[in-house]
Amino acid sequence: MKGLWWIRDDQRLNNNPTWEAAKAWQSETGGALSAVWVPSRTTPANLIEYPDALPRTSEARSAYESACFEGLRKALAQHGVVAVRASEDLASTVKASPPSVIFFTHGAAHEEQEDEAAVKSTGIRCQGYHSRTLLTPRQAFDRGLPPTYTPFRKRVEALLGDHPFEDIERFEGPQAPTWPFTSLEAEARAHLYAYISEDGAGRHYKTRRNGMLQSLDSTKLSAYLSRGLLHPKEVWNRCLEVEEAVGGCEEIYWIRFELLWREYFQWVAYEAKGQLFRSHGLKQPDPRPTPKGSRKAFELWTEGRTGDPLVDAAMRELKATGYQSNRARQNAASYWIHDLKQPWRVGAAYFEAMLLDYDAASNWGNWAYIAGVGNDPRPFRKFNTHKQAEQYDADGSYRDAWRT
Ligand SMILES: Cc1cc2nc3c(=O)[nH]c(=O)nc-3n(C[C@H](O)[C@H](O)[C@H](O)COP(=O)(O)OP(=O)(O)OC[C@H]3O[C@@H](n4cnc5c(N)ncnc54)[C@H](O)[C@@H]3O)c2cc1C
């Protein structure tokens, strides 16, 4: 009897219900357990608004994802489990030698759900787990998913209260901050516990999170949550633990506030399926024709040569590092949509390719939000990039850091 763990964006051995279930199956049945990882799609995306195909995944993101898999592969080898990288989708991969059971973590977005449907259609027994969200679908959709964030947050905060998740094990290793993103689960956990600690930078998170330059301005947990090196429940628990230890801390509470944004977009994507990726997003179709994308505008924007110093710094940073702060992302996206008047999906597709922390639900959900076709009570979010630069980069250090 053979069991297979289909590794997705849940690349960790700690606090992973999917891996726990696969291990339990192995010890109960004595069956042979193996694991397989399917890399992100690299085939170009053709968008009707854009004259050329856009890359799906940059080399840097592919390399980062491969490094995460490599770390997990080595860790699994110590458990006697062989993990391999697939060269095609999972449904095709398992056809030649079908296992008796496949364990996997549910994805949030449309393509991930389609991949799951394809695997289930093989007739192999599948066991899916929600190992990358705080909530289960039942909790998220109880009484319907609110159309905007604030009622969602209030409902979840009332549901979860101040109780830590009981099914999460605490990290006991040495704590140390890491930047740039590591591909190793243990280092990601060490970073989490160092950043969110009684004397860690997380004590100033709410005040500093709009900073764009310093590594400790924000948690830098996004890639670990996106690739699944950390369970969001572990981050949540760590916040609660330190909040309690210091007698309450609004600065750290705000990390949980932002985690709930992530959570919200996960369930929005789960419910919206392909609708999130339409040019009119979650709204009614716009009778006006969809604007065509300009190649020139795309080149200027992606190369950081638009003439707007804040946007240019942000876009150069993205190209060089695969990361931007949330403040930089908001400005870069708003500028593309509302100043350059370009199709939002082309910008979203470029971010998809470039971001090391790319997450379908968070990326497309945020882009749709700024374009005014997502979950925003306002018709659209246009950022005044000059005012934003004055407010969040008053001394110009961020713009200077990324000047050519
Ligand atoms: C246009 C645009 C595209 C984005 N694309 C992505 C993406 O592909 N992947 C991704 O993880 N985040 C995305 N974000 C959200 C956010 O910008 C990043 O999560 C954040 O900048 C990562 O840095 P951090 O971990 O230090 O964040 P922190 O400020 O420390 O936040 C803590 C965690 O909360 C979550 N979070 C914070 N803000 C948001 C938000 N607005 N939406 C969803 N989750 C949030 C993230 O998991 C983050 O790691 C996008 C935002 C915008 C405006």
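Not measured: the values here are computed from a predicted model.

(A) Just the pattern of salt bridges, in detail. Scanning the model with the defined rule gives 31 salt bridges in all. Residues Glu 258 and Arg 209 are paired through a salt bridge, measuring 3.2 Å at the closest nitrogen-oxygen approach. Of this pair, Glu 258 sits in helix H11 (residues 250-272) while Arg 209 sits in the loop between helix H8 (205-208) and helix H9 (222-227); the two residues are 49 residues apart in sequence, bridging distant segments of the chain. A salt bridge links Arg 403 to Asp 400; the nearest nitrogen and oxygen atoms lie 2.7 Å apart. For Asp 400, a relative accessible area of 43% gives the class partly exposed. Connected via shared salt-bridge partners are Arg 41, Arg 56, Glu 111, Asp 115 and Glu 352.

(B) The arrangement of the state of the cysteines in detail. Evaluation of the coordinates by the stated rule reveals zero disulfides. Considering cysteine sulfurs only, Cys 239 is the nearest to Cys 249, which forms no disulfide, with 9.4 Å between them. Cys 249 gets classed as buried once you look at its relative accessible area, which sits at 12%.

(C) Region of the structure containing the domain arrangement of the protein chain. What the domain assignment lists for the protein chain is domain 1 (2-129), domain 2 (137-271) and domain 3 (278-401). One C-alpha centre belongs to domain 2, the other to domain 3; they are set 24 Å apart. Facing the 21 residues of domain 2 at the interface are 23 residues of domain 3. Interface of domain 2 and domain 3: buried area, both sides summed, is about 1,800 Å²; carbon and sulfur atoms make up 63% of it. When the area that domain 2 buries against domain 3 is broken down by residue, the three leading residues are Asn 210, Met 212 and Phe 265, summing to 39%. Seen at the junction of domain 2 and domain 3, the total is zero salt bridges. Across the contact surface, domain 2 and domain 3 share eight residue pairs in polar contact (both at pLDDT 80 or more). Secondary structure elements with two or more residues in the side of domain 2 that touches domain 3: H9 and H11. At seven residues, the largest contribution of residues to the side of domain 2 that touches domain 3 is made by H11.

(D) Region of the structure containing the pairing of strand S5 (residues 125-129). Examined bridge by bridge, strand S4 (residues 101-105) and S5 share five bridges and lie parallel to one another. Residue pairing across strands places Val 101 opposite Arg 125, the latter belonging to S5. At this point the chain moves from S4, through helix H4 (residues 110-120), to the parallel S5, and the crossover so formed is right-handed.

(E) Layout of the sheet that holds strand S2 (residues 32-37). Pairing is parallel in the open sheet, where five strands are placed in the order S3-S2-S1-S4-S5. With one partner strand each, in any of the chains shown, strand S3 (82-85) and S5 form the two edges of the open sheet. Along the sheet, successive strands turn relative to each other by an average axial angle of 25°, direction set aside. Two strands pair when backbone bridges link them, and strand S1 (residues 2-7) and S4 are joined in this way by four bridges, in the parallel orientation.

Thresholds, definitions, all that
Residues numbered from 1 in each chain as written. Predicted model: local features only at pLDDT ≥ 70, side-chain atom pairs only at ≥ 80, totals over all residues. Heavy atoms only, no water. Salt bridge = Lys/Arg side-chain N within 4 Å of Asp/Glu carboxyl O. Helix = DSSP H or I, 4+ residues; strand = E, 2+ residues; numbered from the N terminus. Buried < 20%, exposed > 50% of the residue type's maximum accessible area, 1.4 Å probe, protein only. Disulfide = S-S within 2.5 Å. Domains from an automatic or database assignment. Contact = heavy atoms within 4.5 Å. Buried area = accessible area lost by both parts, 1.4 Å probe. Polar contact = N/O pair within 3.5 Å; in protein donor to acceptor, adjacent residues only side chain to side chain. Pairing = 2+ DSSP bridges. Right-handed = clockwise from strand over helix to strand, strands pointing away. Axes fitted to C-alpha atoms, helices over the stretch in contact; angles between N-to-C directions.

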